[in-house]
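The chain contents come next:
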Amino acid sequence: MRLQYLLLFIFVSSIGITSCKNNSETALIDAANLIPKPVSVTSNGEAFEITDATSIYILGEPQGATEIGQYLAEKLRPATGFKLAVSNAADNAKPGNIYLEIKADSTLGNEGYELHVSKDKITLSAYKPAGLFHGVQTIRQLLPVAIESPSVQQTSWKIAGTDIRDYPLYHLRGSMLDVARHFFGPNDVKRYIDLLAYYKINLLHLHLSDDQGWRIEIKSWPNLTTHGGSTQVGGGKGGFYTQEEYKDLVKYAADRFITIVPEIDMPGHTNAALASYPELNCNDTATQLYIGIEVGFSSFCTKKDITYKFIDDVLRELTALTPGPYLHIGGDESHATKKEDYIPFMSKVQEIVKKYGKTAIGWDEIALTTLQPGTIAQFWADSANSKEAVRQGAKIMMSPANKAYMDMQYDSTSKFGLHWAAYIEVDSAYSWNPATLVNGIGFENIAGVEAPLWSETISKMDDIEYLMFPRFPGYAEIAWSPEKGRGWDEYKVRLGKHGSRMKAMGIDFYKSAKVPWVE
Ligand code: IFG
């Protein structure tokens, strides 16, 4: 009898070993759970291992690929402890290495890439450097979670053998950070940029001025920051970016293929400026600094010439700080500005933006004016405004408050956030299609998708991460991945496994009960 049990034990354990080996391979492939989901992913059953002998080679003419190779090495070195030298190579013949290549395949577009992982090598190719950069984010997500550790981890750095061809659905994929209600210093903004880059986002809209604070140094109007930047919601000390600090943020973002879009909100949401300069007020009397969270009570004096000189000076200095094509001129909630004054005002401001060679973006109320060719209307609440913008031939940035406002509470128990638009749980944040949400706004009318984060109720990076995650990966997927086949039931499983990556990156995310989290 004992012999039979022994034979049975040997048989069972042998199955265990083989299936364990197979499990480790399938685990590698499942470990991807890539977010945003690529256009096409096939596995080839192989696996590549990054070792201390692995180098990163740039094939052919670098054309900007070298910097991406160095970025990849910087992302892999802390957890692996490997040297990962970066250099040029004439061919990809040597096995065990990572090859990056810019190739003349325009079908990938400016941000697409191809990634081939075999047992011998990893080949990442793209039409432009931005595509290589996005491909690097995919490599990070294909590696074991431990790759995001800031210190050396003892594990085998295996990547499932896959062939990926990937490119974005929408051209503009963004987020907005409100640094006016509460000020966030340069290091917080750089962390925010790193998080955006990980999800293949290419636009960061900074809400630089509002009733509670002016956050960007304007040399021709210094009181804007010395006085207007001196406080914030709740009365804290506020703060602002010097032009040097701001230039550093613009470069940090650009190095990660993210364009910064600065917003000076006007004619409403302007109390910080009105408190800084009496002459900007119709009664020549400066207002008091404001530390509450009401909206719609302030307005530039649209009848005064000095108002337009002020705006010209501000937009001139901002243009010099903005290599990107866009200036955001706000235009929302101007309840203290008569409509007959608002319309010519926003027309004049668009003319100033055009004079400085930039393209204007404005909240959807801007459609009350005649829109300059190229002006983008940002849909946040009023579909009638956005349809008017479409009628004028303008493109729409989709930021529906009841779907994409990350400052909305998840539910009534959320420790931060508001709920005037909606409670937005993770499933609701994911389950919408920008191209069908508003009738009259179709795919061809949409410039992009942006998830704003207003900061009335938050003041620290942890608070930002609580509201931003786990909803933000879903917005990134809505903006990047094909709409066909996208669905919450499939996505929630990927997100559940992705939780360990967010944890490894030190993201303080809200553990929504809607998601089947996997430790
Ligand atoms: N609406 C205001 C924001 C902010 C927001 C908070 C827009 C365009 C409510 N304007 O959204 O300034 O207060 O959820």
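To be clear, the structure that these remarks concern was listed above.
Residues numbered from 1 in each chain as written. Predicted model: local features only at pLDDT ≥ 70, side-chain atom pairs only at ≥ 80, totals over all residues. Heavy atoms only, no water.

1. Digging into the overall build of the chain
Next up, step 1: Assigned secondary structure in the chain consists of 15 helices and 15 strands.
Next up, step 2: Relative to a compact globule of 519 residues, whose C-alpha radius of gyration would be 24 Å, the chain shows 25 Å and is just as compact.
Next up, step 3: If one aligns the C-alpha atoms of the chain with their principal axes, the spans along those axes are about 100 × 55 × 45 Å.
Next up, step 4: Burial analysis of the chain (519 residues in total) assigns 57% to the buried set. (Helix = DSSP H or I, 4+ residues; strand = E, 2+ residues; numbered from the N terminus. Rg over C-alpha atoms; globule rule 2.2 N^0.38 Å. Buried < 20%, exposed > 50% of the residue type's maximum accessible area, 1.4 Å probe, protein only.)

2. Topic: the sheet that holds strand S14 (residues 395–398)
Next up, step 1: Pairing in this closed barrel of eight strands is parallel, and the strands run S8-S9-S10-S11-S12-S13-S14-S15 around the ring. Averaged over all pairs of adjacent strands, the angle between their axes in this sheet comes to 30°, without regard to strand direction.
Next up, step 2: The sheet contact formed by strand S13 (residues 376–379) and S14 spans four bridges and is parallel. When the bridges of S14 are listed, Gln-378 appears paired with Met-397.
Next up, step 3: Sitting on the sheet, helix H8 (residues 305–320) is in contact with strand S10 (259–266) and strand S11 (326–330), with an inclination near 170° to S10. (Pairing = 2+ DSSP bridges. Axes fitted to C-alpha atoms, helices over the stretch in contact; angles between N-to-C directions. Contact = heavy atoms within 4.5 Å.)

3. Describing the side chain of Thr-123
Next up, step 1: Looking at where Thr-123 falls in the secondary structure, it is placed in strand S6 (residues 121–126).
Next up, step 2: Of the residues examined, Thr-123 reaches a relative accessible area of 13% and is grouped as buried.
Next up, step 3: Contact partners of Thr-123, with chain neighbours within four places excluded, come to Tyr-99, Glu-114, Leu-115 and His-116.

4. Brief notes about the pairing of S11
Consecutive residues of a regular strand have side chains that alternate between opposite faces of the sheet.
Next up, step 1: Of all five residues making up S11, five are buried, and the element is well covered by its neighbours.
Next up, step 2: By the alternation rule, side chains of S11 split into Tyr-326, His-328 and Gly-330 and Leu-327 and Ile-329, which are all buried.
Next up, step 3: In this structure, S10 lies alongside S11, joined through two bridges in parallel fashion. Note that in S11 the partner of Met-266 across the bridge is Gly-330.
Next up, step 4: Note: S11 against strand S12 (residues 359–363), three bridges, orientation parallel. The residue of S12 that forms the bridge with Tyr-326 is Thr-359.
Next up, step 5: Taken together, S11, helix H9 (residues 339–355) and S12 constitute a β-α-β crossover, and its handedness is right-handed. (Right-handed = clockwise from strand over helix to strand, strands pointing away.)

5. Here's the deal with the site of the ligand
Next up, step 1: Residues in close proximity to the ligand total 14 residues, the closest being Arg-181, Tyr-405, Asp-407, Trp-420 and Glu-456.
Next up, step 2: Between Arg-181 and the ligand, the recorded distance is 2.8 Å, taken from a side-chain N or O atom to an oxygen atom.
Next up, step 3: Asp-407 places a polar side-chain atom, nitrogen or oxygen, 2.6 Å from an oxygen atom of the ligand.
Next up, step 4: When the free accessible area of the ligand is taken as 350 Å², the share hidden by the protein chains comes to 97%.
Next up, step 5: A per-class count over the shell around the ligand returns eight nonpolar, one polar and five charged. (Near = heavy atom within 4 Å. Polar contact = N/O pair within 3.5 Å; in protein donor to acceptor, adjacent residues only side chain to side chain. Areas by Shrake-Rupley, 256 points an atom, 1.4 Å probe, with all protein chains shown as cover. Nonpolar A, V, L, I, M, F, W, Y, C, P; charged D, E, K, R; others polar.)

6. Considering the pattern of salt bridges
Next up, step 1: Counted by the stated rule, this structure contains 31 salt bridges.
Next up, step 2: The salt bridge partner of Arg-165 is Asp-105, with a shortest N-O separation of 3.3 Å. On the criterion of sequence distance, the pair formed by Arg-165 in strand S7 (residues 157–166) and Asp-105 in the loop between strand S4 (97–102) and strand S5 (113–117) is long-range, its members being 60 residues apart.
Next up, step 3: Classification of Arg-165 by relative accessible area gives partly exposed; the value is 24%.
Next up, step 4: A relative accessible area of 17% means that Asp-105 is categorised as buried.
Next up, step 5: Put simply, Asp-210 and Arg-181 hold a salt bridge, and the shortest N to O gap is 3.4 Å. A residue pair is termed long-range when its members are at least 10 positions apart, and Asp-210 in the loop between strand S9 (203–207) and helix H5 (223–226) and Arg-181 in the loop between strand S8 (172–178) and helix H4 (186–198) qualify at 29 residues. Neither residue differs from the other here; Asp-210 and Arg-181 are each classed as buried.
Next up, step 6: A cluster of three or more residues bridged by salt bridges with shared partners is formed by Lys-309, Asp-312, Asp-313, Arg-316 and Lys-355. (Salt bridge = Lys/Arg side-chain N within 4 Å of Asp/Glu carboxyl O.)

7. Structural notes on the state of the cysteines
Next up, step 1: Tallied over the entire structure, the rule returns one disulfide.
Next up, step 2: Sulfur-sulfur distance for the disulfide between Cys-282 and Cys-301 comes to 2.1 Å. For the disulfide bridge between Cys-282 and Cys-301, the dihedral angle about the S-S bond is near 100°, and by the sign convention the bridge is right-handed. Placement of Cys-282 in the loop between helix H7 (271–276) and H8 and of Cys-301 in the loop between H7 and H8 is noted, with a sequence separation of 19 residues between them.
Next up, step 3: Classification of Cys-301 by relative accessible area gives buried; the value is 4%. (Disulfide = S-S within 2.5 Å.)

8. Thoughts on the nonpolar core
In a soluble, globular protein the nonpolar side chains are often hidden away together inside.
Next up, step 1: Tyr-192, Tyr-199, Leu-204, Trp-214, Phe-310, Phe-472 and Tyr-475 are the most contacted members of the largest nonpolar core, which totals 145 residues.
Next up, step 2: When neighbours within four sequence positions are excluded, Tyr-199 is seen to be in contact with Ile-35, Pro-36, Gln-141, Phe-469, Phe-472, Pro-473, Ala-476, His-498, Met-502 and Met-505.
Next up, step 3: In this structure, Val-261, Tyr-326, Ile-376 and Ala-447 belong to the second largest nonpolar core, which totals eight residues. (Core = buried A, V, L, I, M, F, W, Y, C linked by side-chain atoms within 4.5 Å.)

9. Points about the pairing of S5
Next up, step 1: Taken across its five residues, S5 has four buried, putting it largely inside the fold.
Next up, step 2: As defined by bridge partners, S5 adjoins S7 across four bridges and the pair is classed as antiparallel. The residue of S7 that forms the bridge with Leu-115 is Ile-164.
Next up, step 3: For S5 and S6, the ladder comprises four bridges, and the chain directions are antiparallel. Counterpart to Glu-114 in the pairing with S6 is Ser-125.
Next up, step 4: Hairpin connection between S5 and S6: a loop of three residues separates the two successive antiparallel strands.

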